[in-house]
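Overview (structure and organization)
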Amino acid sequence: MATGKINVSVENIFPLIKKFLYSDHEIFLRELVSNGTDATLKLKHLISIGEAKVEYGNPIIEVKVDKEAKKIHIIDQGLGMTADEVEKYINQVAFSGAEEFLDKYKDSAKDSGIIGHFGLGFYSAFMVAEKVEIITKSYKDEPAAHWTCDGSPEFTLEPADKTSRGTEIILHIAEDSLEFLDDSKISGLLNKYNKFMPIPIKFGTRTETLPKPEDAPEDYVNETVETDNIINNPNPAWTKQPSELSDEDYKNFYRELYPMQFEDPLFHIHLNVDYPFNLTGILYFPKLGSDMQIQKDKIQLYQNQVYVTDNVEGIVPEFLTMLKGVIDSPDIPLNVSRSGLQADGAVKKISNYITRKVADKLKALFNENRADFEEKWNDIKIVLEYGMLSEEKFYEKAGAFVLYPTVDDKYFTLDELKEKLKENQTDKDGKLVVLYAGNKDAQHSYIEAAKEKGYEVLLLDSPIISHLIQKIENDNKDVTFVRVDSDHIDNLIKKEENTISKLSDDEKAALKTSLEAYIPKAYSVQLEAMDSQAAPFIITQPEFMRRMKEMSQTGGGGMFGMGNMPEMYNLVVNTNSDLASSILNTEDKTHQEHLVKQALDLAKLSQNLLKGEALTAFVKRSFEMIK
Ligand code: ADP
């Protein structure tokens, strides 16, 4: 038996490592199963180039838990190692790798993020084991070797009698890590990290019931057999070509990824690039609606089919983190902090590629089947609108597929909308007026008034819409967006005929005085000579102020300190209405006050502003009146 001392400068790096990646101890299993996978794939390669003249067979990796002896075995049928190779790869490579890792990262341990997912390779075994054995037999015609080490630099290396090719790692689980001897714990970890690894992984056995033979007698008892319990799918959908997959295959893979998701995704985007970086994956658009629910099923990041993390911040553009699916790329550096990741050129390219791919797919979907795209619009708009605001590159492409729905469920692109508005929706300056509502119920009377005049009214109800409108107006100097209740419709849109006022200037002045006597200061009173059919009193909320206020509430960064701005309303009174004449001509002051207050309350009611005590008083007063 040979004994020796591993040449590392830190006397005992074992406790250091244990402490360092405390929360990530569980990755030991991923690392060891990955090593077994690598060893198997390497052998396959050597055979294919004629370097190894052995039978490949159907190699698997087996994980076994021996609760009694407090051991975990990880057994592969890969290329194995000779004693010399153990000396070289384990004593030198693995240990110096661990030492280098520690040196580099122990100071940045606080800046965890993705760095915690960076593996320590073989050495991570010592995060859970007090002693590790390797029994390995190379594919070469050399005796098997048995290496033992307790994490200190001392090791033993002796011949072993293993005859089958491959490597068995035996972990003697430490007292503080006994939880890893639970079958459910191990199967949970295998399911998390190794679910899509390319070599079949066996964990335990399954009892399978054989089908009943046709000529079985009445009292036939079904036969059962024990089969290997393979926990992974070695050929997940993203590793295949899109041409090999049907829509159903994509949906099935979605279910495989998220077994607890019962709703089908709306559509998928297959990513596949090998230059200038390597990346594959499938992204899914889930049904989102306008409320962004807390997300638990996130995009998963893999490296060569090994799960790394579901925190893809910095890799996937932020607006797409609401999507689901997988990304697999060996080119994403995992040994850097979040900020380092964002500054990394390759990662920036990956993020841009994903943005472009998503935009292209959306454009194709729109062109291929517009009706279907319109149907899905409400479920995807929040992602797209957010993307337009946050990624200039996406914004530039979005014009081709972003839709503006009307309150009557018609859908226009911005260009189509402009064409439509040219007919009869321009303001005094010749700008196209985009009328929109934020809520069909709350702004019902205003929507109706606009529709009666033959105008199109959009329904824009996303929480971030005011930001987007602002941006669109900046880039399209020929359009202006106004919410239906932001002014009187006749003031918003230029009309050919000017309505003649029934009242003289003196009468108007007198009317204004009477109105202001009873109307709260919060309203500024505007007299307008309008169509006598138009509502006599209308409350409006100026577009600019309202929009600024909304923007500051939805993350405008405390824009102009408008978060605390009071609500501002206009009261537009139609001087041509019969009610205006009645108010003006009434001698009885009490009656005049009644008229004004009742009319104001009615206007408030249609703007959803009458609440609480005021509403109660209004209802009571109205009952009195009809008694
Ligand atoms: P890495 O896998 O990143 O190279 P590790 O510390 O995990 O680093 O392993 C060091 C080396 O030990 C590997 O490069 C490989 O040569 C060898 N090795 C580890 N596990 C196995 C195994 N199961 N079969 C064959 N060789 C192995």
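Please read these numbers as outputs of a predicted model, since none were measured by experiment. (Residues numbered from 1 in each chain as written. Predicted model: local features only at pLDDT ≥ 70, side-chain atom pairs only at ≥ 80, totals over all residues. Heavy atoms only, no water.)

1. Some words on the overall build of the chain
Looking only at helices and strands, the chain features 18 helices and 22 strands. A burial count over the chain gives 50% of its 627 residues as buried. At a minimum sequence separation of 6, the contacts of the chain that also span at least 24 residues come to 72%. About 30,900 Å² of surface is accessible on the chain, with carbon and sulfur atoms providing 49% of the total. (Helix = DSSP H or I, 4+ residues; strand = E, 2+ residues; numbered from the N terminus. Buried < 20%, exposed > 50% of the residue type's maximum accessible area, 1.4 Å probe, protein only. Contact = heavy atoms within 4.5 Å. Areas by Shrake-Rupley, 256 points an atom, 1.4 Å probe, with all protein chains shown as cover.)

2. Let's talk about the pattern of salt bridges
Going through the model one piece at a time under the given rule, you end up with 35 salt bridges. Across the pair Asp461 and Lys381 runs a salt bridge whose closest N-O atoms are separated by 2.6 Å. In this pair, Asp461 sits in the loop between strand S18 (457-459) and helix H12 (465-475) while Lys381 sits in helix H8 (residues 370-390), placing the two residues 80 residues apart along the sequence. Classification of Lys381 as buried rests on a relative accessible area of 5%. One salt bridge in this structure joins Lys410 and Glu456, with 2.6 Å as the shortest N-O distance. Residue Lys410 is found in the loop between strand S15 (404-405) and strand S16 (411-412), and its partner Glu456 is found in the loop between helix H11 (444-452) and S18; the two are separated by 46 residues along the sequence. For Lys410, a relative accessible area of 37% corresponds to the partly exposed category. (Salt bridge = Lys/Arg side-chain N within 4 Å of Asp/Glu carboxyl O.)

3. Remarks on the site of the ligand
Near the ligand you find Asn35, Ala39, Asp76, Met81, Tyr89, Ile90, Ala94, Gly121, Phe122 and Thr167, and these make up its full shell. Between an oxygen atom of the ligand and a main-chain N or O atom of Phe122, the distance comes to 2.8 Å. Measuring from a nitrogen atom of the ligand, one finds a side-chain N or O atom of Thr167 at 3.4 Å. About the coverage of the ligand: the protein hides 77% of its 530 Å² of free accessible area. Mapped onto the shell around the ligand, the elements with two or more residues apiece are helix H2 (27-48) and helix H3 (83-105). No other element matches the three residues that H3 contributes to the shell around the ligand. (Near = heavy atom within 4 Å. Polar contact = N/O pair within 3.5 Å; in protein donor to acceptor, adjacent residues only side chain to side chain.)

4. Looking at the pairing of strand S5 (residues 144-149)
Counting buried positions over the six residues of S5 gives six, a clear majority of the element. Summarising the sheet, strand S4 (residues 129-137) and S5 pair through five bridges and their orientation is antiparallel. Across the sheet, residue Ile134 finds its bridge partner in S5, namely Trp147. Taking the residues that link successive antiparallel strands as the turn, the S4-S5 hairpin has six residues. Note that S5 and strand S6 (residues 154-160) share six bridges and pair antiparallel. (Pairing = 2+ DSSP bridges.)

5. Observations concerning the sheet that holds strand S17 (residues 432-437)
Pairing is parallel across the open sheet formed by three strands, whose spatial order is S18-S17-S19. In this open sheet, the two strands that pair with only one neighbour each are S18 and strand S19 (479-483). The mean inter-strand angle of the sheet, taken between neighbouring strand axes irrespective of direction, is 40 degrees. Where S17 lies against S18, three bridges are found, and the strand directions are parallel. Bridge pairing in S18 links Ala437 to Leu459. Its contacts with the sheet put helix H10 (residues 414-424) on S17, S18 and S19, and the angle it makes with S17 is roughly 110 degrees. (Axes fitted to C-alpha atoms, helices over the stretch in contact; angles between N-to-C directions.)

6. Section: empty space enclosed by the protein
If you walk through the whole model with that rule in mind, you get two cavities of 30 Å³ or more. Put simply, the second largest cavity is a space of about 30 Å³. Around the second largest cavity, the lining residues are Trp377, Lys381, Glu385, Pro405, Leu459, Leu460, Asp461 and Ser462. Of all the elements, H8 adds the most residues to the lining of the second largest cavity, at three residues. Residue composition of the lining of the second largest cavity, by class: four nonpolar, one polar and three charged. (1 Å grid on protein atoms, 1.4 Å probe; cavity = no way out; pocket = protein on both sides within 12 Å on 5 of 7 lines; lining within 4 Å. Points joined across faces, edges and corners; volume = space filled by probe spheres on them. Nonpolar A, V, L, I, M, F, W, Y, C, P; charged D, E, K, R; others polar.)

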